[in-house]
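Fold and geometry: a report
Single-letter residue listing:
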Amino acid sequence: MAGAGTILCRDCLARSAGSAGAPARRCPVCGSPRLLVHPELDTLSIAHIDCDAFFAAIEKRDNPELADKPVIIGGGKRGVVSTACYIARTFGVRSAMPMFKALKACPDAVVVRPDIEKYSRIGRQIRAMMLDLTPAVEPVSIDEAFLDLSGTQRLHGAPPAETLMRFSKRVERELALSVSVGLSYNKFLAKIASDLDKPRGFAVIGRAEVVSFLADKPIGIIPGVGKVTQERLAKDGLRLIADVQRQSDADLARRYGEEGLRLARLARGEDRRIVKPERETKSVSAETTFDEDIGEAERLAPVLLRLSEKVALRLRKADFSARGLTLKMKTADFRTRTRARSGFPPTQLASRIFEIGREMLAKECDGTRFRLIGIGASDLGPGAEADRGDLVDVTATRDAGVERAIDRLRDKFGGDAVMRGLVFGAKVERGRRG
Ligand code: TTP
Ligand code: MG
């Protein structure tokens, strides 16, 4: 086990003993300056891994001409920056910045349109490598995940810190991309740590230093403490985590209820959330059998929309996104037809599911009459990956917002409270026919 003075080289993974007086600047074995020394290094096992400038790094890798240039990934309908490479960032370019502003700051930047499908595929490759370290991998988004490496020392013949360094090297070697690792004893701290030393980072937060480490950080680094909450807390004199650390739990509970207690715990570096491994992927589907057989596309479409909404709602509730869709139809003479589509960006939006389902359906409406139709989502991934068109494609964000609002209304008022135009139209029609 590494004592207070044990040094781990991030390049050759050699361990060496540091002398307290003169900390080593270079690895005695390979000469690398990338050394890590931390007294708790070998007892920490919760990690957060986040890829560096993910989209931009992939484009640079795939087009060596971009290597030394400032690169911005973005454009799309709304014209904002998805991400910028680290060179472009030195000019002040940031995610979510309007493109015109980014190009004003960095006129020489090369703008590349995002290829989300490619990035998802590479995200999955990285995830597969993470699963070689531990089954406890919880994806957070396309390029980041939490890992619990407790109990993996025997398997890997090394403590988690070393296993993680080996992982970073593997990603660099096999995928020519870099990641940053945060290592600590819970998710809250691991996530903060992965951001401390970017890019190609490796940062550690131990138990001994946690309270002082957190003290001078703004309260906004606590997950869930957004702008509005920050303003409210600032009015009460709480700006830094130190301000929270000074309050008693009872006071915080009285003022802010359960949320106050959560703040108190996190301010002390306590976070009991466990790393939840990705659930086994199943399929989510909905189908309906008609009273009378139907063959007309315009009568089938509203039914399909309704089913798409059901599937989307279930995906959102289960926190899944779908990369595959299957349309199922049973003809009047009881034959089953299935049509499948895959390879589209992961979604949990009814409008997307419907759109793709309707294209498949259109091809089947050749005069055949159907007694049943259904739509199923498959090739499921984490909900966090769904409709990340966000900055790339503004309609996806808008639709996602609308659908979440509909979810909330339905939760409150019941399933029929909100109906989209098309479904509503069909209901009226059915009502009229009696
Ligand atoms: P991030 O991990 O937030 O950013 P990053 O990987 O580009 O850079 P960093 O080194 O700071 O981690 O997001 C991962 C990818 O998600 C990013 O490459 C592009 C995409 N993304 C957006 O499309 N819009 C956004 O606002 C953000 C933050 C990210
Ligand atoms: Mg990243």
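Calculation criteria
Residues numbered from 1 in each chain as written. Chains lettered and ligands numbered in written order. Predicted model: local features only at pLDDT ≥ 70, side-chain atom pairs only at ≥ 80, totals over all residues. Heavy atoms only, no water. UniProt positions renumbered as here; feature names shortened; annotations may be inferred. Helix = DSSP H or I, 4+ residues; strand = E, 2+ residues; numbered from the N terminus. Buried < 20%, exposed > 50% of the residue type's maximum accessible area, 1.4 Å probe, protein only. Contact = heavy atoms within 4.5 Å. Areas by Shrake-Rupley, 256 points an atom, 1.4 Å probe, with all protein chains shown as cover. Pairing = 2+ DSSP bridges. Axes fitted to C-alpha atoms, helices over the stretch in contact; angles between N-to-C directions. Donors = N, O, S within 2.8 Å, 3.2 Å for Na, K, Ca; no water. Tetrahedral: all angles 85-135°; square planar, octahedral: opposite > 155°, others 65-115°. Polar contact = N/O pair within 3.5 Å; in protein donor to acceptor, adjacent residues only side chain to side chain. Phe/Tyr/Trp six-rings, centres within 6.5 Å; stacked < 30°, edge-to-face > 60°. Lys NZ or Arg CZ within 6 Å of the ring centre and 35° of its normal.

Going by what an unreviewed UniProt entry lists, the protein is known as DNA polymerase IV and is assigned to Alsobacter metallidurans. UniProt annotates the protein under Subcellular location (unreviewed entry) with the comment "Cytoplasm". We quote the UniProt Sequence similarities (unreviewed entry) comment for the protein here in full: "Belongs to the DNA polymerase type-Y family."

1. Digging into the overall build of the protein
When its secondary structure is counted, the protein shows 15 helices and 15 strands. Counting across all 434 residues of the protein, residues that qualify as buried make up 48%. For the protein, the share of sequence-separated contacts (at least 6 apart) that also reach a separation of at least 24 residues comes to 65%. Only carbon and sulfur atoms are counted for the fraction: they give 52% of the accessible area of the protein, which is about 21400 Å².

2. Some points on helix α1 (residues 54-62)
Listing the buried residues of α1 in full gives F54, F55, A56, I58, E59 and K60. Elements that come into contact with the buried residues of α1 comprise β4 (46-51), β5 (71-75), β6 (80-84), α2 (86-89), β7 (110-112) and α4 (116-131).

3. Regarding the sheet that holds strand β10 (residues 179-184)
Read from one edge to the other, the open sheet built from five strands follows the order β8-β9-β4-β10-β11, with strand pairing classed as mixed. The sheet terminates laterally at β8 (137-141) and β11 (202-204), the two strands that pair on one side only. Across the sheet, the axes of successive neighbouring strands diverge by a mean angle of 15 degrees, strand direction being ignored. Examined bridge by bridge, β4 and strand β9 (residues 144-148) share five bridges and lie antiparallel to one another.

4. Section: the coordination of the magnesium ion (ligand 2)
Surrounding the magnesium ion (ligand 2) are the protein donor atoms D50 (OD), C51 (O) and D143 (OD), which sit 2.0 to 2.2 Å from the metal. Around the magnesium ion (ligand 2) sit six donor atoms, and with donor-metal-donor angles ranging over 78 to 178 degrees the site reads as octahedral. Read in sequence order, the donor residues for the magnesium ion (ligand 2) give the motif D-C-x91-D. Residue C51 is located in strand β4, and its partner D143 is located in the loop between β8 and β9; the two are separated by 92 residues in the primary sequence. For the pair shown, C51 and D143 are each scored as buried.

5. Re the UniProt feature "active site" (unreviewed entry) in the protein
Per the UniProt annotation, the sites labelled "active site" (unreviewed entry) are E144. For E144, the residues in contact, after removing those within four places along its chain, are H48, I49, D50, R127, P139 and K191. Reaching out from E144, the side chain makes a polar contact with the side chain of S141 at a distance of 3.1 Å.

6. Remarks on the packing of aromatic side chains
For any pair of aromatic rings, the description consists of the separation of the ring centres together with the inter-plane angle of the planes. The final tally for this structure, using the stated rule, is two aromatic pairs. Summarising the aromatic geometry, the rings of F54 and F55 are spaced 6.1 Å apart at their centres and angled 50 degrees between planes, so their arrangement reads as tilted. The pair F54 / F55 is uniform in exposure class, with both members buried. Judged by centre distance (4.2 Å) and plane angle (25 degrees), the ring pair of F55 and Y119 falls under stacked. In this pair, F55 is assigned in helix α1 and Y119 in helix α4, connecting sequence segments 64 residues apart. There is no split in this pair, since F55 and Y119 are both buried. Ring pairs connect the aromatic residues F54, F55 and Y119, which therefore count as one cluster. A cation over an aromatic ring shows up here: R207 above the ring of Y185, its NZ or CZ 4.3 Å from the ring centre.

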